[in-house]
Amino acid sequence: MRLLSRTDRVVLTLMVLVPLLLVVGLVWLPALATVLLSGTDWDGIGPLGEIDWVGWKNYDDVLNIYPPFVPAIQHNLLWLAALFVVATPFGMLLAVLLDKELRGGRFYQTALYLPVVLSLALIGFIWQLIYSRDQGLLNAVLGSNVDWYGDSNVNIWAVLVAAGWRHVGYIMLLYLAGLKGVDPSLREAAAVDGSSETSTFFRVVFPVMRPINIIVLVVTVIESLRAFDLVWVINKGRNGLELLSALVTSNVVGEASRIGFGSALATIMLVVSLVFITVYLATVMREGQR
Amino acid sequence: MSRPRSQAEYLARLVPPSVAGLHRRALLAGAAGAGALLGTGLLAGCGTDSGADAKTVSLGSNQSDPKPKDVIAKVMDGFKTSSGVEVAINTVDHNTFQENINNYLQGKPDDVFMWFAGYRMRFFAAKGLTGDVSDVWGKLSGYSDAFKKASTGDDGKQYFVPSSYYPWAVFYRKSVWQQHGYQVPQTLDELTTLAGQMKKDGLVPIAFADKDGWPAMGTFDILNLRINGYQFHVDLMAGKEAWTSDKVKTVFDTWAGLLPIHQPDALGRTWQEAAQSVQQKKSGMYLLGLFVAQQFGDDEQDDLDFFTFPEIDSTVGAKALDAPIDGYMMARKPKSPANARKLLEWVGSKDAADITVKNDPSTLVANTGADTSGYTALQRKAAELVGSATEIAQFLDRDTRPDFASTVIIPAFQQFIKDPKDIGGLLTSIENQKKSIFTS
């Protein structure tokens, strides 16, 4: 049976091998190395042979004597909830509105998408101008004296607004692209059958958009798990803005070089991510089998 | 942790190297640890490979701002004129340089590189990552014993050549103080009395900011130095003393007593904003490094004055202070050892210091032999203050392990500022983490 020519087989082998090597080399090996390093007290200095094995000590330290850990978990979950309940639905709503071909729709689209395009440094600066306690826009307009970034009861919400600001634009564009792809005859048919705008959306358009909905859901989960940049530019993820990713970074990257300890945090984060990834993959595979 | 010298640098450092350089998702994938493995030697690629030539020497510079960069270039030009050896300057962004120092030193570092005195310097020396420069010190002159002590490693040899420094003190505007008739306080009681008067006059007594985490270290340092003295500071920073001891508790109790005269809501404020509140005559004084002057206009520089933090315990006195020292170190295996030593001798010389004084009004030079007639009044006074100091500390994050300073102390101090009541619980938490870090 020679369905495939020699060239075909070479090409096929390459097409499998190259991505496989990339995935193994850039994802699986580093992940494995992180898990292994989490059992050591390596400080990034000296040859690998000198690394001491400390067993579960790093995990013990994370759970028992590292004050930022518990707030970090809570904030990550809060982040997920806020994006899922507020930002994502709002982004979808905006997409639906923009899909109506409003006058100046392009303008709104650009304005809403702009935050996603802006560079990190600029975003940090923009929000600093708004939230600064003494010189900020918000306190000047409201005449208030709220310490938006410094008060640990307030700052997570202030940052969630900023995060939502970016997330809404992202979801809006994704969803808008999906809406443009919906066959107009479906809506016409629904209209002919006397369906209202709302029920057309929820009963016809929304189910048809299922693939996009799943993408939006996954993007939301990923965005909240990897949330990092905003809190990092604000105060490096301290004082009320602890997030797992920021804790990993402040321990591993930079001068601190608590690589063992930071790897333990990263491993915990990996496990949390795996839970979501497993749920997602299970859902998708069940779909595929059907 | 260095202080941003300008708005541009402050903004630039808002972007962490991990974001600027690596892909964010790499972190999620758990690549962080391995990234550090692969990253070894990342910076080393920047080094020059022309070291075989006897007429060149390479310098790793962290002075990435235009002004200091220009000064370094002028100092190196002077070296070329005096020795005929060309210096290949390899400038790396200040923050990036510091963040990558581990990889840099283990890769192929430049023959000579810039660093600062303190625990970290001694740590690298003890690990054998930097070269012994005791023989260079034999040829240097114009350095006080305090500077030599600050350049010495744990084994008694010198590993560092100081070039510049700046003191931490309490800064104020002369015009404001004259207007209200304030006097410089000599004791803690006088300071609190003065603060009470300032409150009556509608001023915030002491400007305060700790959004970035490090400025509060200055407050802790000076209180600890005034209450427990220099040696305790050194031992505490080296992990030899317990944070749960009564001595440390006294420092925090004193600090808690002073918090009401500090600017409230410090955790959301940057040091620039706090400094501007002094500049705008809303705050009476501010404990910070000499770099606070950057927030004042050229015409306001003469209006800026300072005093050293007042005495708390008369048996301890008020002669010790934080004055971080910047300078140069040598790689463990420089490509041209002779030229590297020659360069170190030059940067430690009076002539090099003279070039710096002439071109940079924002620092103090370490060599006392330098011609300081070009100093501003503020610079001259600062130099006198440090000259009269009995002991010079390097600042908390330079005097202890960087992992302890950044991952334990910063969150702990911010917690204290937020809620100064539970000092006992906070100190127990610090001590537990300290034990875990210092024994690893």
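**Here we look at the overall build of chain A**
Line of reasoning, step 1. Check the secondary structure of chain A and you find 13 helices and 0 strands.
Line of reasoning, step 2. Along chain A, from the amino end to the carboxyl end, the secondary structure elements read α-α-α-α-α-α-α-α-α-α-α-α-α.
Line of reasoning, step 3. Taken against the 2.2 N^0.38 rule, which gives 19 Å for 290 residues, the C-alpha radius of gyration of chain A at 24 Å runs more than 25% over that of a compact globule.
Line of reasoning, step 4. Projected onto the principal axes, the alpha-carbon positions of chain A cover approximately 80 × 75 × 30 Å.
Line of reasoning, step 5. Looking at chain A residue by residue over its 290 residues, the buried ones come to 38%.
Line of reasoning, step 6. Restricting the contact set of chain A to residue pairs at least 6 apart, pairs at least 24 apart contribute 62%.

**Notes on the overall build of chain B**
Line of reasoning, step 1. Counting its secondary structure elements, chain B contains 21 helices and 12 strands.
Line of reasoning, step 2. Sorting the 440 residues of chain B into buried and exposed places 53% on the buried side.
Line of reasoning, step 3. Contacts spanning at least 24 positions in sequence make up 78% of the contacts within chain B whose residues lie at least 6 apart.

**Quick notes on the pairing of strand β4 (residues 161-165) of chain B**
All names here are of chain B.
Line of reasoning, step 1. Summarising burial for β4: 5 of the 5 residues are buried, a large majority.
Line of reasoning, step 2. Sheet topology places β4 next to strand β10 (residues 325-330); 4 bridges connect them, and they run antiparallel. In the sheet register, Tyr 165 faces β10, and the bridge partner there is Ile 325.
Line of reasoning, step 3. Bridging between β4 and strand β11 (residues 364-365) involves 2 bridges; their strand directions are antiparallel. Its bridge partner lying in β11, Tyr 165 is registered against Leu 364.

**Let's talk about the nonpolar core**
Line of reasoning, step 1. Counting residues in hydrophobic clusters, the biggest one holds 125 residues, and the most contacted among them are Phe171(B), Tyr286(B) and Leu344(B).
Line of reasoning, step 2. Once residues within four sequence positions are removed from consideration, Tyr286(B) is found in contact with Val170(B), Phe171(B), Ile206(B), Ala207(B), Ala274(B), Ala275(B), Val278(B) and Val292(B).
Line of reasoning, step 3. Listed in part, the 55 residues of the second largest apolar core include Val233(A), Leu243(A), Leu265(A) and Met269(A).

**Regarding unusual backbone geometry**
Residue and element names in this part refer to chain B.
Line of reasoning, step 1. Its identity as a non-glycine residue notwithstanding, Asp 265 has a phi of 55 degrees, on the positive side.
Line of reasoning, step 2. Along the polypeptide, Asp 265 turns up in the loop between α14 (246-258) and α15 (271-279).
Line of reasoning, step 3. Positive phi, normally seen in glycine, also occurs at Lys 281, with a value near 65 degrees.
Line of reasoning, step 4. Take Lys 281: it is sitting in the loop between α15 and β7 (283-289).

**Thoughts on the interface of chain B and chain A**
Accessible area lost upon the coming together of the parts serves often as the stated size of an interface.
Line of reasoning, step 1. Every contact between the two is made by 47 residues of chain B and, on the other side, 57 residues of chain A.
Line of reasoning, step 2. Mapped by element, the contributors of at least two residues to the side of chain B that touches chain A are α2 (17-21), α3 (25-28), α4 (32-39), α6 (94-99), α7 (101-106), α15, α20 (402-418) and α21 (423-439) of chain B.
Line of reasoning, step 3. Ranked by the residues each element gives to the side of chain B that touches chain A, the list is headed by α20(B), at 8 residues.
Line of reasoning, step 4. Counted by class, the side of chain B that touches chain A contains 19 nonpolar, 18 polar and 10 charged residues.

**Some words on the environment of Leu22(A)**
Line of reasoning, step 1. Residue placement: Leu22(A) occurs in helix α1 (residues 6-37).
Line of reasoning, step 2. A C-alpha to C-alpha distance of 29 Å links Leu22(A) and Trp232(A), two positions 210 residues apart in sequence.

**Side note on the sheet that holds β4(B)**
All names here are of chain B.
Line of reasoning, step 1. Taking strand neighbours across the sheet as the criterion, the 6 strands line up as β2-β1-β3-β10-β4-β11 in an open arrangement whose pairing is mixed. Every other strand in the sheet has two partners, leaving β2 (86-91) and β11 as the edge strands with one partner each.
Line of reasoning, step 2. Across the sheet, helix α16 (residues 337-347) touches β1 (56-61), β2, β3 (112-116), β4 and β10, and the angle it forms with β10 is around 165 degrees.

**Description of the sheet that holds strand β6 (residues 204-207) of chain B**
Residues and elements named next belong to chain B.
Line of reasoning, step 1. Taken together, the 4 strands give an open sheet; going across it, the order is β6-β7-β5-β8, and neighbouring strands pair in mixed fashion. Of all the strands in the sheet, just β6 and β8 (304-307) have a single pairing partner and so form its edges. The mean inter-strand angle of the sheet, taken between neighbouring strand axes irrespective of direction, is 30 degrees.
Line of reasoning, step 2. Where β6 meets β7, 3 bridges bridge the pair, whose relative direction is parallel. What sits directly across from Val 204, in β7, is Ser 283.

**Topic: helix α2 (residues 57-65) of chain A**
Line of reasoning, step 1. By the burial criterion, the buried members of α2(A) are Asn58(A), Asp61(A) and Val62(A). One side of α2(A) holds all its buried residues, which, seen down the axis, span an arc of 100 degrees.

**Quick notes on the packing of helix α3 (residues 69-98) of chain A against helix α10 (residues 210-225) of chain A**
Two quantities define a packed helix pair, namely the angle between the axes and the distance from one axis to the other.
Residue and element names in this part refer to chain A.
Line of reasoning, step 1. Here α3 crosses α10 at 145 degrees, and the two axes come no closer than 8 Å. Both α3 and α10 take part in a crossing whose hand is right-handed. From α3, Asn 76, Trp 79, Leu 80, Leu 83, Phe 84 and Thr 88 reach across to α10, where they touch Val 216, Thr 220, Val 221, Glu 223, Ser 224 and Leu 225.
Line of reasoning, step 2. Split into classes, the residues belonging to the contact of α3 with α10 amount to 7 nonpolar, 4 polar and 1 charged.

**With respect to the environment of Trp177(B)**
All names here are of chain B.
Line of reasoning, step 1. Mapped onto the secondary structure, Trp 177 falls in helix α11 (residues 174-180).
Line of reasoning, step 2. Residue classification places Trp 177 among the partly exposed positions, given that 18 C-beta atoms sit within 10 Å.
Line of reasoning, step 3. With residues near it in sequence (within four places) discarded, Trp 177 still touches Tyr 172 and Tyr 182.

**Description of the environment of Asp212(B)**
Residue and element names in this part refer to chain B.
Line of reasoning, step 1. Tracing the backbone through its elements, the reader meets Asp 212 in the loop between β6 and α13 (215-237).
Line of reasoning, step 2. Asp 212 sits in the buried class, given 21 other C-beta atoms within 10 Å.
Line of reasoning, step 3. Separated by 107 residues in sequence, Asp 212 and Leu 105 have C-alpha atoms that sit 27 Å apart.

**Thoughts on the confidence of the model for chain B**
As a note on interpretation, predicted positions should not be read in detail where pLDDT is low.
Residues and elements named next belong to chain B.
Line of reasoning, step 1. Scored by pLDDT, chain B has a mean of 86; 88% of the residues are at 70 or more.
Line of reasoning, step 2. Below a pLDDT of 50 lies the segment residues 15-52, which in the model reaches 93 contacts outside its immediate sequence neighbourhood of four places, other chains included.
Line of reasoning, step 3. Interface confidence for the predicted complex, given as ipTM, is 0.78, next to a pTM of 0.81.

Conventions and cut-offs
Residues numbered from 1 in each chain as written. Chains lettered and ligands numbered in written order. Predicted model: local features only at pLDDT ≥ 70, side-chain atom pairs only at ≥ 80, totals over all residues. Helix = DSSP H or I, 4+ residues; strand = E, 2+ residues; numbered from the N terminus. Rg over C-alpha atoms; globule rule 2.2 N^0.38 Å. Buried ≥ 20, exposed ≤ 12 C-beta atoms within 10 Å, placed from the backbone. Contact = placed C-beta atoms within 7 Å. Pairing = 2+ DSSP bridges. Core = buried A, V, L, I, M, F, W, Y, C linked by C-beta atoms within 7 Å. Nonpolar A, V, L, I, M, F, W, Y, C, P; charged D, E, K, R; others polar. Axes fitted to C-alpha atoms, helices over the stretch in contact; angles between N-to-C directions. Arc of directions from axis to C-beta. Left-handed = near helix turned anticlockwise from the far one by under 90°. pLDDT = per-residue confidence, 0-100.

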